[in-house]
Structure formats: structure tokens, C-alpha cells
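# Chains, contacts and geometry: an overview
Chain residues, written in single-letter form:
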Amino acid sequence: MEKFEKKIIKDNVLTEVYCNKCGKLIYNEETNSKVDYINITKEWGYFSNKDMQVHSFDLCEKCYDSLIATFKHEPTKIKK
Ligand SMILES: [Zn+2]
């Protein structure tokens, strides 16, 4: 259960995004911050223990970097 809303949406406009891991404000519509972040959304299926649930979270770049540093295999990276 979330203790706070990590996303605040007003009139269908995303106004604020907070990092789920560190809690830092990573996007604010009013300041039009240019900080990038990652969103992961997963609709769990029948063969999971979370069937019919959709999980979603956002991470700031620093928390993303610290998370992938724990991976045995690096994420796939494609240069654009
Ligand atoms: Zn963070």
C-alpha cells in the first residue's frame, strides 16, 4: 500500500512524478524540469501470482543506475 501518491494528475495532465525508490521529485509540470526518468509498467498475467494486477513505478536516473549495478546481466542498450 502506497503511503503517498507518487503521481499527481490534474485535468488529465501529469503534474508531478516522484521516484518510487528515493522519493525525490523527478518531474514537476510548473518548473518544466528536464530531468529524465524511467517508468516500468507491468500487467501481470495468469501464470504469475499477481494475475489481473497492473504494477507501475518510476525511478530517477540515479536510482536506475544503482538498480542495474546489481544486475548479473546488463540491460540491453541500443545507441540511437
Ligand atoms: Zn530515485
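None of these values were measured; they are calculated from a predicted model.

## Re the pairing of strand 3 (residues 25-28)
Pairing analysis gives 3 bridges linking strand 2 (residues 13-18) to strand 3, with the strands arranged antiparallel. Residue pairing for strand 3: E16 is matched across the bridge by N28. Hairpin geometry of strand 2 and strand 3 is characterised by an intervening segment of 6 residues between the two adjacent antiparallel strands and by a positive phi of about 85 degrees at G23.

## What to know about the environment of L59
Checked against the element boundaries, L59 lands in strand 5 (residues 54-60). Exposure remark for L59: the 21 C-beta atoms within 10 Å place this residue in the buried category. When the C-alpha atoms of L59 and C22 are compared, they prove to be 8.2 Å apart, with 37 residues separating the residues in sequence. Apart from the residues lying within four places of it in its own chain, the contact partners of L59 are C19, N20, K21, Y37, I38, Y64 and L67.

## A look at the nonpolar core
Grouped together as the largest cluster of nonpolar side chains are 7 residues: V17, Y18, C19, I26, Y27, L59 and C60. At the level of secondary structure, the elements contributing two or more residues to this core comprise strand 2, strand 3 and strand 5. Excluding anything up to four places from it in sequence, I26 contacts V17, Y18, C19, V35, Y37, D58 and C60.

Definitions and limits used
Residues numbered from 1 in each chain as written. Predicted model: local features only at pLDDT ≥ 70, side-chain atom pairs only at ≥ 80, totals over all residues. Pairing = 2+ DSSP bridges. Helix = DSSP H or I, 4+ residues; strand = E, 2+ residues; numbered from the N terminus. Buried ≥ 20, exposed ≤ 12 C-beta atoms within 10 Å, placed from the backbone. Contact = placed C-beta atoms within 7 Å. Core = buried A, V, L, I, M, F, W, Y, C linked by C-beta atoms within 7 Å.

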